[in-house]
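# Understanding the architecture of this molecule
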Amino acid sequence: MNKTKAPQISTVEAVIVLLVVLGIMSAGVIGWGLSPQVPVLLAMGVVTAWAMFRGFPWSAVNAGIKEGIDKGIVPIFIFILIGAMISTWIAAGTIPTLMVIGFKIINIQWFLPSVFIVCTLVGAAVGSAFTVTSTVGIAFFGMGVTMNLNPALVAGAIISGGIFGDKLSPLSETNNLASAVVDTDLFTHIKHILWSTLPAGLISLGLFAMLGHSNTGTSLAKINQTVAILNGHFSISALALLPIVLVFVCAGFKMPAIPTMLLNIFVSAGLILFEQPQLSMAKLTAIINTGFVSKTGNTSVDTLLSRGGIVSMMSMVALIVVTLSLGGLLVKFGLINQIMTPVAKHLNNDGKLVLAGVLTCIGVNVFVGEQFLSIILPGRAFRKAFNDGGLAGNALGRVLEDGGTVINYLVPWGVGGVFLTTTLGVPTVQYLPFVFFSLLCPIISIISGFTGIGMAHLNQQSAVKANHVTATEA
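Quantities reported herein were computed from a predicted structural model and do not represent experimental measurements.

Rules and cut-offs
Residue positions are counted from 1 within each chain, in the order its sequence is given. Under the rules for a predicted model, residues below a pLDDT of 70 receive no local features and side-chain atom pairs below 80 are neither given nor counted, while totals for whole chains, interfaces and linings still include all residues. Hydrogens and water molecules were not included; the side-chain quantities draw on all heavy atoms of the structure. In this scheme, a residue with accessible area under 20% of its type's maximum is buried, one over 50% is exposed, and one in between is partly exposed, where area comes from a 1.4 Å probe on protein chains only. Strands here are runs of E lasting at least two residues and helices are runs of H or I lasting at least four, both read from the DSSP assignment and numbered beginning at the N terminus. Directions pointing from the helix axis toward each C-beta atom define the arc. Working rule for contacts: check all heavy atoms of both residues, and any pair within 4.5 Å makes them a contact. Cysteine sulfur atoms are paired as a disulfide whenever they fall within 2.5 Å. Only the stretch in contact is used when fitting a helix axis, every axis being a line fitted to C-alpha atoms; angles between N-to-C directions are given from 0 to 180 degrees. Working definition: roughly parallel below 35 degrees, roughly antiparallel above 145 degrees, roughly perpendicular at 65 to 115 degrees, and oblique for all remaining angles. In the scheme used here, Gly and all other residues not listed as nonpolar or charged are polar, with Ala, Val, Leu, Ile, Met, Phe, Trp, Tyr, Cys and Pro taken as nonpolar and Asp, Glu, Lys and Arg as charged. As used in this record, nonpolar core signifies buried Ala, Val, Leu, Ile, Met, Phe, Trp, Tyr and Cys residues forming a set joined through side-chain atoms within 4.5 Å. Here a salt bridge means any side-chain nitrogen of Lys or Arg lying within 4 Å of a carboxyl oxygen belonging to Asp or Glu. Excluding any residue in a salt bridge, patches collect residues exceeding 30% relative accessible area, merging like charges within 9 Å and nonpolar Val, Leu, Ile, Met, Phe, Trp and Tyr side chains within 5 Å. All accessible areas in this document rest on Shrake-Rupley with a 1.4 Å probe, and a residue is counted as covered only by the protein chains that are shown.

Of the residues making up helix H10 (residues 173-181), those classed as buried are Thr174, Asn175, Ala178, Ser179 and Val181. Buried residues of H10, seen end-on, are gathered within an arc of 160° and therefore sit on one face of the element. Of the surrounding elements, those touching the buried residues of H10 are helix H9 (151-168), helix H11 (186-212), helix H20 (373-388) and helix H21 (393-405). With its phi angle positive at about 60°, Asp183 sits one or two positions after the end of H10.

Put into structure tokens, the structure is as follows:
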């Protein structure tokens with residue numbers, strides 16, 4: 001039986017298609033301020049029409065969509081659980097308690113650097129910037145808004161700290177993935193990425209200290225009023241912090257994200273029933289499903305704490321599905337590899353390799369919108385080029401983190417960007433300038449490549465082994 005040969009795509013054609021896709025999405029989301037679902041869906045339609053015109057069978061379109069979505073099934077389920085966890089944490093008094101404690105112990109004049117440091121520590125403990133943002137991040141965001149700080153700036157401090165902590169953690173999924181892609185020991189990988197993450201973290205801390213030091217607009221009366229409202233309408237107690245403690249306990253036992261969240265939702269629901277024994281199961285399930293609705297009578301507090309629920313994540317789930325479908329098509333038709341592979345073969349020094357690797361990771365984030373693929377695809381494409389150039393797997397691993405992992409949170413239609421916008425209520429394009437950590441990492445990585453500072457090179461024996469591995473994979 002004869003198999004239909006796939007159409008051959010030139011590099012120029014691939015570039016044109018990708019530029020059209022980028023133009024549609026950026027014009028819709030950034031230019032016209034549209035919700036990203038429709039521009040991404042339109043871009044997907046354009047790519048599908050092009051593929052059919054070029055002679056790709058419909059079965060290839062189906063396969064591309066399925067393969068793309070398959071990579072997002074677990075993250076989608078995790079985000080659904082996060083929606084349920086947010087609403088139960090508010091109803092159980094966990095997030096309100098964190099806000100009350102925060103107002104008492106955090107120095108208002110150094111609020112932003114304090115937020116950055118705490119989010120870094122929590123992120124390092126749990127290994128997930130998503131978890132940091134959706135738990136303590138919401139509490140800090142509420143505090144910042146109460147203090148009349150720029151919401152985008154507060155979001156930037158929360159997100160930067162969460163990502164920094166994620167990069168320091170052995171529990172981080174992206175750290176584990178990147179080290180596996182480049183075949184490097186996890187702790188060796190984490191140690192090497194410190195060459196860029198540590199300077200980026202310290203500079204970010206300094207910038208937040210400068211921007212957040214003068215809080216002349218802060219009203220202590222408003223803060224005291226907010227604390228009084230929280231005390232009057234929520235269960236503020238040490239017991240309400242049990243879900244937070246549970247997150248750290250589960251992280252200590254290296255429990256995966258899904259069972260950790262399911263257990264946390266169950267415990268939080270139990271706390272709600274313990275604090276409000278008169279609450280019916282119908283109302284409890286409504287909180288989990290449609291979210292918590294704050295009814296304190298104070299507009300600011302009600303706006304901040306009316307959130308969460310499974311339903312709140314459905315818009316994001318829809319975007320993830322269409323974005324991953326688009327990414328699956330771009331990969332299936334060879335458009336991404338058609339550009340990455342030739343570039344990787346014509347790089348002749350460390351600086352050019354690192355620059356090309358970082359830009360490629362950023363490009364995959366922009367076109368595909370998926371964090372894991374921004375690590376996997378460039379990792380495969382550049383591994384041989386890095387080995388041939390005498391660079392160790394650690395060097396490529398750092399490039400994948402600095403151009404791939406941290407940038408996904410800055411893409412309006414990316415999985416990370418959509419999640420953060422949904423969780424904090426701040427559009428990606430507004431908080432983007434203040435996520436200093438993510439903006440600095442690729443810059444520092446590129447500088448490192450051209451100066452040689454912190455670059456890991458292969459010795460002769462390791463080079464022979466690495467070339468043998470890449471030849472075998474090829």
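A full pass over the atoms with the stated rule returns zero disulfides. Cysteine Cys250 shares no disulfide, and the gap to the nearest cysteine sulfur, in Cys119, comes to 20 Å. No disulfide involves Cys441; its sulfur sits 12 Å from that of Cys361, the nearest cysteine. Relative accessible area serves as the criterion here: at 0%, Cys441 is assigned to the buried category.

Moving on, we get to the packing of helix H6 (residues 111-126) against helix H13 (residues 242-252). Working note: a packed helix pair is described by the angle between its axes plus the distance between those axes. Close contact between H6 and H13 brings their axes to 8 Å; oriented N to C, the two are set at 45°. On the basis of their axis angle, the class for H6 and H13 is oblique. Between H6 and H13, the residues in contact are Val122, Ala125 and Val126 and Val247, Phe248 and Ala251, respectively. Residue composition of the contact of H6 with H13, grouped by class: six nonpolar, no polar and no charged.

Below, the discussion takes up the nonpolar core. Core analysis: the largest hydrophobic core is formed by 149 residues, its most contacted members being Phe111 and Phe333. The greatest single-element share of this core, amounting to 12 residues, is contributed by helix H4 (residues 73-91). Not counting chain neighbours up to four residues away, the residues in contact with Phe333 comprise Ile9, Val47, Trp50, Ala51, Phe56, Ala60 and Val61.

On to the pattern of salt bridges, then. This model, assessed by the stated rule, comprises six salt bridges. Note that Glu67 and Lys332 form a salt bridge whose closest N and O atoms lie 3.4 Å from each other. Of this pair, Glu67 sits in helix H3 (residues 58-70) while Lys332 sits in helix H17 (residues 314-332), placing them 265 residues apart in sequence. Overall, Glu67 belongs to the partly exposed group, its relative accessible area being 38%. The salt bridge partner of Lys384 is Asp388, with a shortest N-O separation of 2.8 Å. Taken together, the residues Lys384 and Asp388, both in helix H20 and four residues apart, mark about one turn of the helix. Classification of Asp388 as partly exposed rests on a relative accessible area of 48%. One salt-bridge network, in which partners are shared between bridges, spans Asp166, Lys167 and Glu401.

On the surface, Leu239, Leu242, Val245, Val249, Phe253 and Phe274 cluster together to form a nonpolar patch covering roughly 610 Å² of accessible area. Here the element with the most residues in the nonpolar patch is H13; it accounts for three residues. Considering the arrangement of structural elements, one finds Leu239 in the loop between helix H12 (220-233) and H13.

Read these as spatial facts, not as claims about activity.
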